[in-house]
Amino acid sequence: MRRGPATTLRLLAAGAALLTAVAACGTTPTEPPGGSAQHGKGEDGGSGASGAAGGGAESGPGSGARSGAGPGAGRSAGEEGVAVPAEGHLPPVIDRVPTRDKVVFLTYDDGAAADPGLIDLVRERRLPVALFLTDSVAGPGYAHFARLRAVGVSLQNNTLDHPALRGLPYAGQRAEICGQQRKLRSRFGARPRFLRPPHGAYDTATLRAAADCGIAAVVLSRVTVRPDGRLGFAHGPQELSPGDIVSVPSGRTGGTGGTGETGGARALSLAQRTARLLAELESRGLRVANPEDYWGA
């Protein structure tokens, strides 16, 4: 059967449309660069404190919220020029350690060096406490901290200038954490493995930066010794328990698990608060343990 020119043109047009439709069905949509993962989210929660006073926990410190993979996970060799770690390789956030050992961990900020009575107490009793140092505060007295390290004090990482990290860009957080880590390694010959973020505030970018710097764990506290010597508990049992991380903040900070208010009571020195805490620990059959033996193990 013969077809006229008009019929032939209609058939050719229909065939072209069919080929176009088939080609479109076989095309796979492309994913935007970087994929769909959302990095740097700042979900609140965790150790019972919020805002700049101690929140920012992703899923609850102390419960293994971030399993991590140990120090330096997801990093290439060296500190400079490494790729941003994947979220599956973030350090854990802890405010206690699951253990059956009857131990707790005492932590201080760099203001501890201003209390001679506390220094004497630490030396006399050989207390394996941890101090989290800020360069802008501790820098002029690093020689003094070296003497403390010689009697068993663990010197760990805070930041260069003590900013609230949560919400800062990743690069800025990394500079604060890695920068202080390099300072401490240069001064004392060992790289700190543990970070306490200023004010206890952090977000996912903090954890990614910490991983990039080789941090093994981000350390908050479940228990705070308030200025009047009373204990504040961020969550859980309202009493000292095995594995608790205890913060004894100096006057310049309220700690990471409780308030710094005295309720009208006279504020005690760090040495007095620590002595009262040690008596409470002894009455409960608890002792102070070296954090290096438990954190990030």
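Thresholds, definitions, all that
Residues numbered from 1 in each chain as written. Predicted model: local features only at pLDDT ≥ 70, side-chain atom pairs only at ≥ 80, totals over all residues. Heavy atoms only, no water. Helix = DSSP H or I, 4+ residues; strand = E, 2+ residues; numbered from the N terminus. Buried < 20%, exposed > 50% of the residue type's maximum accessible area, 1.4 Å probe, protein only. Areas by Shrake-Rupley, 256 points an atom, 1.4 Å probe, with all protein chains shown as cover. Phe/Tyr/Trp six-rings, centres within 6.5 Å; stacked < 30°, edge-to-face > 60°. Axes fitted to C-alpha atoms, helices over the stretch in contact; angles between N-to-C directions. Left-handed = near helix turned anticlockwise from the far one by under 90°. Contact = heavy atoms within 4.5 Å. Nonpolar A, V, L, I, M, F, W, Y, C, P; charged D, E, K, R; others polar. Salt bridge = Lys/Arg side-chain N within 4 Å of Asp/Glu carboxyl O. 1 Å grid on protein atoms, 1.4 Å probe; cavity = no way out; pocket = protein on both sides within 12 Å on 5 of 7 lines; lining within 4 Å. Points joined across faces, edges and corners; volume = space filled by probe spheres on them. Expected span 1.5 Å × (residues − 1). Arc of directions from axis to C-beta. Pairing = 2+ DSSP bridges. Right-handed = clockwise from strand over helix to strand, strands pointing away.

Each helix and strand counted, the chain has seven helices and ten strands in total. Put simply, the chain has 297 residues, and 48% of those count as buried. Of the accessible surface of the chain, which amounts to about 13,700 Å², a share of 54% is contributed by carbon and sulfur atoms.

Turning next to the packing of aromatic side chains. Two descriptors summarise a pair of aromatic rings, namely the distance from one centre to the other and the angle between the planes of the rings. Under the defined criterion, the tally for this structure stands at five aromatic pairs. With a centroid separation of 5.3 Å and 90° between ring planes, the pair formed by phenylalanine 194 and tryptophan 295 is classed as edge-to-face. Of the two residues, phenylalanine 194 sits in strand 5 (residues 194–195) while tryptophan 295 sits in the segment after strand 10 (287–288), which places them 101 residues apart along the sequence. We note that phenylalanine 194, like tryptophan 295, is buried. Grouped by ring-pair contacts, the aromatic residues Phe105, Phe132, Phe194, Tyr294 and Trp295 constitute a single cluster.

Another aspect to go through is the packing of helix 2 (residues 116–125) against helix 7 (residues 270–283). In contact at an axis separation of 7 Å, helix 2 and helix 7 are set at 35° when each is read in the N-to-C sense. The handedness of the crossing between helix 2 and helix 7 comes out as right-handed. Listed contacts from helix 7 to Gly117, Leu118, Leu121 and Arg125 of helix 2 are Leu270, Ala271, Thr274, Ala275, Leu278 and Glu282. In the contact of helix 2 with helix 7, the residues fall into six nonpolar, two polar and two charged.

Pairing is possible between side chains of opposite charge, provided their charged atoms come close. Counted by the stated rule, this structure contains eight salt bridges. Across the salt bridge formed by glutamate 282 and arginine 125, the nearest N and O atoms sit 2.6 Å from each other. Separated by 157 residues along the polypeptide, glutamate 282 in helix 7 and arginine 125 in helix 2 bring together distant segments of the chain. On the basis of relative accessible area, arginine 125 is assigned to the partly exposed category, the value being 41%. Note that aspartate 228 and arginine 230 form a salt bridge whose closest N and O atoms lie 2.6 Å from each other. The exposure class of aspartate 228 is buried, given its relative accessible area of 8%. Connected via shared salt-bridge partners are Glu239, Glu280 and Arg284.

Enumeration over the complete set of coordinates arrives at two cavities of 30 Å³ or more. Taken as a whole, the second largest cavity encloses approximately 40 Å³ of empty space. Residue lining of the second largest cavity: Tyr108, Ala112, Leu118, Ile119, Val122, Val129, Leu131, Leu148 and Val153, and that is the complete set. Take the lining of the second largest cavity: its biggest share by element is three residues, from helix 2. Here the lining of the second largest cavity is composed, by residue class, of nine nonpolar, no polar and no charged.

Attention now goes to helix 7. When the terminal C-alpha atoms of helix 7 are compared, their 20 Å separation across 14 residues agrees well with the 20 Å that a helix rising 1.5 Å per residue should span. Every buried residue of helix 7 is accounted for by Leu270, Ala271, Arg273, Thr274, Leu277, Leu278 and Leu281. Taken end-on, helix 7 shows its buried residues confined to a sector of 155°, consistent with a single buried face. If you follow the buried residues of helix 7, they end up packed against strand 2 (103–109), helix 2, strand 7 (223–225), strand 8 (231–233), strand 9 (245–247) and strand 10. Downstream of helix 7 by a residue or two, glycine 285 has a phi angle that is positive, lying close to 70°.

Counting buried positions along strand 2 yields seven of seven residues, so the element is predominantly enclosed. Sheet topology places strand 2 next to strand 10; two bridges connect them, and they run parallel. Looking at the pairing, valine 104 lines up with valine 288 of strand 10. Where strand 2 meets strand 9, three bridges bridge the pair, whose relative direction is parallel. Considered in strand 9, the bridge of leucine 106 is made with valine 246. Two elements, strand 2 and strand 3 (residues 130–133), share three bridges in a ladder whose sense is parallel. By the bridge assignment for strand 3, aspartate 109 is matched with phenylalanine 132. Note that the unit made of strand 2, helix 2 and strand 3 has a crossover that is right-handed.

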